[in-house]
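For reference, the chains in residue letters:
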Amino acid sequence: MAQDCLFCKIIAGEIPSKKIYEDDLMYAFYDIDPQAPVHFLVVPKEHIPSADQLDERTAGTVGRIFLTIARLARELGLENGYRIVNNCGEDGGQTVGHLHFHVLGGRLLAWPPG
Ligand code: AMP
Ligand code: ZN
């Protein structure tokens, strides 16, 4: 756990969240400021600062996260599609320095993003 990391504190239960799922590798919870009818985040339990910091070992966790996203999306009724977003670094719009994947659905999403 990294000191002063918002998502590490959420994973540890020190800050409340609306949990959807967790296992040994990941924690999934609803975004506090939803940008679509369904908007949740999936984070690795290990503190990885961003997608840019992945390595051969932690890359496997991302694969497991994507499999879980597909299952949760089905369970949450996103049969018509959804978007997985990773904001990486300052220009990518990342505001929390703990790797996370946004999952957005329940409406038609515009492309390209701004
Ligand atoms: P990003 O801008 O990609 O780093 O995404 C950070 C996301 O975390 C934003 O969509 C925020 O709304 C969300 N967020 C911030 N604080 C919380 C919180 N306490 N619980 C749930 N989501 C949060
Ligand atoms: Zn963290």
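These numbers were taken from a predicted model, which means no experiment stands behind them.

Lining the immediate environment of ligand 1, one finds 16 residues, of which Asp31, Asn87, Thr95, His100 and His102 sit closest. At 2.7 Å, a backbone N or O of Thr95 approaches an oxygen atom of ligand 1. Protein chains shield 83% of the accessible area of ligand 1, which is 500 Å² for the free molecule. The set of elements that each furnish at least two residues to the shell around ligand 1 consists of helix H1 (6-11) and strand S2 (26-30). Among the elements that make up the shell around ligand 1, the one with the highest residue count is H1 (three residues). Partitioning the shell around ligand 1 into residue classes produces eight nonpolar, six polar and two charged.

What follows covers the nonpolar core. Counting 15 residues, the largest nonpolar core has Phe40, Val42, Ile65, Ile69 and Phe101 as the members making the most contacts within it. Of all the secondary-structure elements, those providing two or more residues to this core are S2, strand S3 (38-44), helix H2 (56-75) and strand S5 (101-105). If sequence neighbours within four positions are ignored, Ile65 has contacts with Met26, Val42, Val43, Pro44 and Phe101. Among the nonpolar cores identified, the runner-up in size contains eleven residues, and Cys5, Ile10, Tyr27 and Leu41 belong to it.

Turning to H2, a few remarks are in order. End to end, H2 covers 30 Å across 20 residues, agreeing with the expected 28 Å (1.5 Å per residue, within 8%). Residues Thr58, Thr61, Val62, Ile65, Thr68, Ile69, Leu72 and Ala73 constitute the buried set of H2. Angular distribution of buried residues about the axis of H2 spans 135 degrees; they occupy a single face of the element. Residues of H2 that are exposed and point over 90 degrees away from its buried face: Glu56, Leu67 and Arg74. If you follow the buried residues of H2, they end up packed against strand S1 (19-22), S2, S3, strand S4 (82-85) and S5. One side-chain oxygen at the N-terminal end of H2 lies 3.1 Å from the backbone nitrogen of Arg57; it belongs to Asp55. Count one or two residues on from H2 and you reach Gly77, which has phi positive near 85 degrees.

Cut-offs and rules
Residues numbered from 1 in each chain as written. Chains lettered and ligands numbered in written order. Predicted model: local features only at pLDDT ≥ 70, side-chain atom pairs only at ≥ 80, totals over all residues. Heavy atoms only, no water. Near = heavy atom within 4 Å. Polar contact = N/O pair within 3.5 Å; in protein donor to acceptor, adjacent residues only side chain to side chain. Areas by Shrake-Rupley, 256 points an atom, 1.4 Å probe, with all protein chains shown as cover. Helix = DSSP H or I, 4+ residues; strand = E, 2+ residues; numbered from the N terminus. Nonpolar A, V, L, I, M, F, W, Y, C, P; charged D, E, K, R; others polar. Core = buried A, V, L, I, M, F, W, Y, C linked by side-chain atoms within 4.5 Å. Buried < 20%, exposed > 50% of the residue type's maximum accessible area, 1.4 Å probe, protein only. Contact = heavy atoms within 4.5 Å. Expected span 1.5 Å × (residues − 1). Arc of directions from axis to C-beta.

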